[in-house]
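Each chain, letter by letter, is given below.
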Amino acid sequence: MNITVLYGTETGNAEMLAEDVAAHLEGAHEVACTNLSDFAPADFDPGQFYLVICSTYGDGELPASAKPFAEAMEAEMPDLAGVHFAIFGLGDTEYEDTHNFGSRIIAEMLQARGASQIGERVLHDASGGDMADDLAMDWADSVVELAAQQMKEDA
Amino acid sequence: MPASVAIVGTGPSGCYLAQALLKARPDLRVDLIDRLPVPYGLVRYGVAADHQGTKAVTRQFERLFERQGARFIGNLDIGADVTLDDLRGCYDAVVLAAGLSVDRCLQIPGEDLAGVATAGEVIRALNEHPDSKALPPLGRRVVVMGNGNVAIDLVRLLAKSGEELAGTDLGEGPSAWLQSAGVEAIDIIGRSPAAQAKFDPVMVKELHRLAHVRIAVEGAGSTEDAEAQKRLDALAAIDGTTHGDRQLTFRFGLTPLAIEGQDGRVTAARFRDASGVEVTIPCDTVLTAIGFQSCTNLSRDDLLVDALDLDAGVLAAGLYATGWFRRGPRGTIPDNRTDAQVLAARILNDLGETGGKPGLPATEGLVDHAGWKRIDAAELAGARPGRCRRKIADRQTMLEIAQDR
Ligand SMILES: Cc1cc2nc3c(=O)[nH]c(=O)nc-3n(C[C@H](O)[C@H](O)[C@H](O)COP(=O)(O)OP(=O)(O)OC[C@H]3O[C@@H](n4cnc5c(N)ncnc54)[C@H](O)[C@@H]3O)c2cc1C
Ligand SMILES: Cc1cc2nc3c(=O)[nH]c(=O)nc-3n(C[C@H](O)[C@H](O)[C@H](O)COP(=O)(O)O)c2cc1C
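The structure presented is a predicted model; accordingly, all values stated were derived computationally and were not measured.

Draft legend 1. The overall build of chain B, seen in detail. Each helix and strand in chain B was counted, giving 15 helices and 17 strands. Against the compact-globule benchmark of 22 Å for 405 residues, chain B has a radius of gyration of 22 Å, which places it among compact chains. Along the longest, intermediate and shortest principal axes, the C-alpha atoms of chain B span 65 × 45 × 40 Å. By the burial criterion, 56% of the 405 residues in chain B qualify as buried. Approximately 16,900 Å² of chain B is accessible, and the part contributed by carbon and sulfur atoms is 50%. Looking at chain B, you have 46 positive and 54 negative side-chain charges, and the mean spots of the two groups are 3 Å apart.

What follows is the structure, encoded as structure tokens:
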């Protein structure tokens, strides 16, 4: 499968995780890893499966590297029908009221333009006991499997 | 031989710089030097014990040593153990990422009274920094002067109950100090109006979740500025919180005049308000959280004055500065990341294909990454119930553990 891992980060945790996920999937798939700040809405391609990893900052806002992408989405209103994505959020339950809003904002934004989400949005809690890597590798394996079925059915 | 880079300081700015350099040029020799036997600067010794999520950035920084090939050289004070000139002789590029560790003073009468301490002193002691002083005696009424995030961190820790400190890395001594003091009232004083306060709104909002506080906000005023409005909204949201007996009172627009005492101990803090009226707040302790300034072993002021291009972080040919050392004591962890990425590009460009200086020779008494991991392992293994780590506070013990092989 052709996979693009996209990340939105502020302090680099999502970037590190995205690189790990990309490395994990590499042997079996064609994988690219890109910062959302370097990705334009026009770059979306239905032939790719997108794994998005995004943190949350400020008061439930997008992290710095995802903000230009969100603005471009707003301005360009692209048609993302046929695009499949899965999403993994980084957050912290210290911020109880806005826990993992960043990944939610991205998921809603993509869905609003017609993209299909594969699997559940999985949430990491920086204050919790789990390492993001442990959650994310299982997530990646399971959504890649789901996507393979889904994209075959759609085709 | 590829070019060599020494980074003085292993706080976020030094680590992010090393990360960016090695990402672009994995062949570089990058040495991260710290005066302490342990890395990570204010992530270990500043970021509050109850914000462990923020401290998790060190997992990224560990990769520098584990996968990216950077070397850790701990227990080496540049300016004291090795001169800056000698260091520059050993490396193709030297970067000062040494932060700012000395507290700014208010410079008003009474600062030398018992019961007056700077936030930096208290925070270092709470974090069990090996060079910290003893924690000052804490009375029932505490005045915190300052309106930055550091002031809020202190207030939050002082107001928390024992249960609320579960999961932190706060040591036994500091925990006992916080719990036994019986703080009843904390006044948080800002010199500026609330609109110009420096704390982040989320930091303020978090106070609402404290289990045992009553919060009042006095004279927050109004503003036309949208950013400042978020701060006023956050203050309005916590005003009137009644979850318990510890009284937190925010007051603004009060210029400190003097700290008053009796028999050498603080009894009150005196201010002038915006209309010129004097306000006296009786208290047992005054903590000043008004910022940091340059450390002593590197002549920062001279270096900055002579800088070739301070905005770009270039002090002289082959000598650079980043993070708080360059910018002053402002900005959060992500700000240092942005800074570091820009500076890395500049350094790589300046280095070009040159290189060959071999770096510092191995010397007795220094701590390498394996040594730090031994300290880390000892700290994690020693964690008491309810704590995620038990910091080793004493330099000699750290060195013994590090050198044990
Ligand atoms: C109390 C406090 C709490 C904070 N909380 C947060 C927070 O929750 N979130 C956030 O984003 N930001 C927070 N910040 C801000 C953040 O800590 C800083 O932005 C950041 O640490 C600055 O990084 P730095 O690398 O420039 O300096 P530092 O982190 O200070 O690192 C400097 C390093 O240099 C070493 N050093 C100094 N002199 C020498 C020498 N002569 N030779 C060798 N080594 C030397 C020091 O030992 C230290 O390890 C906080 C700051 C403080 C003071
Ligand atoms: C100032 C600040 C604000 C934050 N705000 C939120 C938030 O509102 N909600 C949340 O779930 N996490 C929040 N977080 C936690 C981050 O999302 C979490 O630390 C994450 O691991 C950071 O990933 P990154 O390094 O990729 O940006 C915040 C962290 C900081 C330091």
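Draft legend 2. Quick peek at the domain arrangement of chain B. Residue and element names in this part refer to chain B. Partitioning chain B into structural domains gives domain 1 (4-100 + 294-403) and domain 2 (104-292). The centre of domain 1, based on its C-alpha atoms, is set 31 Å off from the matching centre of domain 2. Across the contact, 26 residues belong to domain 1 and 21 residues belong to domain 2. Carbon and sulfur atoms supply 49% of the area buried between domain 1 and domain 2, which totals about 2,100 Å² over both sides. Three residues, Tyr 45, Asp 50 and Arg 387, lead the burial of domain 1 against domain 2; their summed loss comes to 29% of the area buried on that side. Summed over the shared surface of domain 1 and domain 2, the number is six salt bridges. For Glu 172, the salt bridge identified is with Arg 390, shortest N-O distance 2.9 Å. Seen at the junction of domain 1 and domain 2, the total is 15 residue pairs in polar contact (both at pLDDT 80 or more). Of all the secondary-structure elements, those providing two or more residues to the side of domain 1 that touches domain 2 are helix H2 (41-45), helix H3 (52-55) and helix H15 (395-403). Across the side of domain 1 that touches domain 2, the residue classes tally to twelve nonpolar, four polar and ten charged.

Draft legend 3. Expanded view of the pattern of salt bridges. All names here are of chain B. Applying the stated criterion across every chain yields a total of 38 salt bridges over all chains. Between Glu 62 and Lys 373 there is a salt bridge, with its nearest N and O atoms 3.2 Å apart. Here Lys 373 lies in helix H14 (residues 369-381) and Glu 62 lies in helix H4 (residues 57-66), a separation of 311 residues in the sequence. For Glu 172, the salt bridge goes to Arg 384, with nearest N and O atoms at 3.3 Å.

Draft legend 4. The UniProt feature "domain: Flavodoxin-like" (unreviewed entry) in chain A, seen in detail. The feature "domain: Flavodoxin-like" (unreviewed entry), as annotated in UniProt, sits at residues 3-144 of chain A in this numbering. Counting secondary structure, residues 3-144 of chain A comes out at 35% helix and 23% strand; the distance between its end C-alpha atoms is 9 Å.

Draft legend 5. Quick look at the site of ligand 1. Residues and elements named next belong to chain B. Looking at ligand 1, there are 32 residues lining it, with Ser 13, Asp 34, Trp 324, Gly 331 and Ile 333 nearest. In this structure, an oxygen atom belonging to ligand 1 sits 2.9 Å away from a main-chain N or O atom of Trp 324. One nitrogen or oxygen atom from the side chain of Asn 336 is found 2.9 Å from an oxygen atom belonging to ligand 1. Contact with the protein chains removes 91% of the 1,000 Å² of surface that ligand 1 exposes when unbound. Within the residue set of the shell around ligand 1, elements represented by two or more residues are helix H1 (12-24), H2, helix H7 (149-159), helix H12 (323-327) and helix H13 (333-351). The dominant element in the shell around ligand 1, judged by the number of residues it contributes, is H13, at three residues. Looking at side-chain class alone, the shell around ligand 1 contains 16 nonpolar, twelve polar and four charged residues. Among the domains, domain 1 (4-100 + 294-403) and domain 2 (104-292) are the pair contributing at least three residues each to the shell around ligand 1.

Draft legend 6. Broad picture of the nonpolar core. Residue and element names in this part refer to chain B. Among the nonpolar cores identified, the biggest contains 45 residues, and Ile 186, Leu 235 and Phe 250 are the most heavily contacted of them. No other element matches the seven residues that H7 contributes to this core. In terms of nonpolar packing, the next biggest core, distinct from the first, is built from 44 residues, Phe 65, Leu 343, Ile 347 and Ile 375 among them.

Draft legend 7. Geometry of the confidence of the model for chain A. Averaged over every residue, the pLDDT of chain A is 94; residues scoring 70 or more account for 99%. Within chain A, no element has a lower average pLDDT than helix H4 (residues 132-154) of chain A, which sits at 91, and none a higher one than strand E3 (residues 49-54) of chain A, at 98.

Draft legend 8. Spotlight on the site of ligand 2. Residues and elements named next belong to chain A. Near ligand 2 there are 19 residues, and of these Thr 9, Thr 11, Ala 14, Thr 98 and Asn 100 occur at the shortest range. Within the side chain of Ser 55, an N or O atom sits 2.8 Å from an oxygen atom of ligand 2. Within the complex, the protein chains bury 92% of what would otherwise be the 650 Å² of accessible surface of ligand 2. Mapped by element, the contributors of at least two residues to the shell around ligand 2 are helix H1 (13-26) and strand E4 (84-91).

Draft legend 9. Molecular detail of the sheet that holds strand E10 (residues 246-251) of chain B. Residues and elements named next belong to chain B. In spatial order, the strands read E6-E14-E7-E8-E10-E9; together these six strands make up an open sheet with parallel pairing. Among the strands making up the open sheet, the edge pair consists of strand E6 (116-118) and strand E9 (213-218). Mean inter-strand twist for the sheet, computed between neighbouring axes without regard to direction, equals 15°. Bridge analysis of strand E7 (residues 141-145) against strand E8 (residues 185-189) gives five bridges, and the strand direction is parallel. Counterpart to Val 144 in the pairing with E8 is Ile 188. Those strands touched by helix H6 (residues 119-126) are E6 and strand E14 (285-288), and its axis lies near 75° from that of E6. Each of E7, E8, E9, E10 and E14 is contacted by H7, which is oriented at about 165° to E10, the strand it contacts most.

Draft legend 10. Expanded view of the interface of chain B and chain A. Chain B puts 19 residues into the contact, and the matching count from chain A is 21 residues. Summing both partners gives a buried area of about 1,600 Å² for chain B against chain A, and 42% of it is carried by carbon and sulfur. Taken together, the connections running from chain B to chain A amount to nine salt bridges. Residue assignment for the side of chain B that touches chain A shows that the elements contributing at least two residues are H1, H3, H4, helix H9 (201-206) and H13 of chain B. Ranked by residues supplied to the side of chain B that touches chain A, first place goes to H4(B) with four residues. When the residues that make up the side of chain B that touches chain A are grouped by side-chain class, the tally is six nonpolar, four polar and nine charged.

What counts, and at which threshold
Residues numbered from 1 in each chain as written. Chains lettered and ligands numbered in written order. Predicted model: local features only at pLDDT ≥ 70, side-chain atom pairs only at ≥ 80, totals over all residues. Heavy atoms only, no water. Helix = DSSP H or I, 4+ residues; strand = E, 2+ residues; numbered from the N terminus. Rg over C-alpha atoms; globule rule 2.2 N^0.38 Å. Buried < 20%, exposed > 50% of the residue type's maximum accessible area, 1.4 Å probe, protein only. Areas by Shrake-Rupley, 256 points an atom, 1.4 Å probe, with all protein chains shown as cover. Lys, Arg positive; Asp, Glu negative; His and termini not counted. Charge placed at Lys NZ, Arg CZ, Asp CG, Glu CD. Domains from an automatic or database assignment. Contact = heavy atoms within 4.5 Å. Buried area = accessible area lost by both parts, 1.4 Å probe. Salt bridge = Lys/Arg side-chain N within 4 Å of Asp/Glu carboxyl O. Polar contact = N/O pair within 3.5 Å; in protein donor to acceptor, adjacent residues only side chain to side chain. Nonpolar A, V, L, I, M, F, W, Y, C, P; charged D, E, K, R; others polar. UniProt positions renumbered as here; feature names shortened; annotations may be inferred. Near = heavy atom within 4 Å. Core = buried A, V, L, I, M, F, W, Y, C linked by side-chain atoms within 4.5 Å. pLDDT = per-residue confidence, 0-100. Pairing = 2+ DSSP bridges. Axes fitted to C-alpha atoms, helices over the stretch in contact; angles between N-to-C directions.

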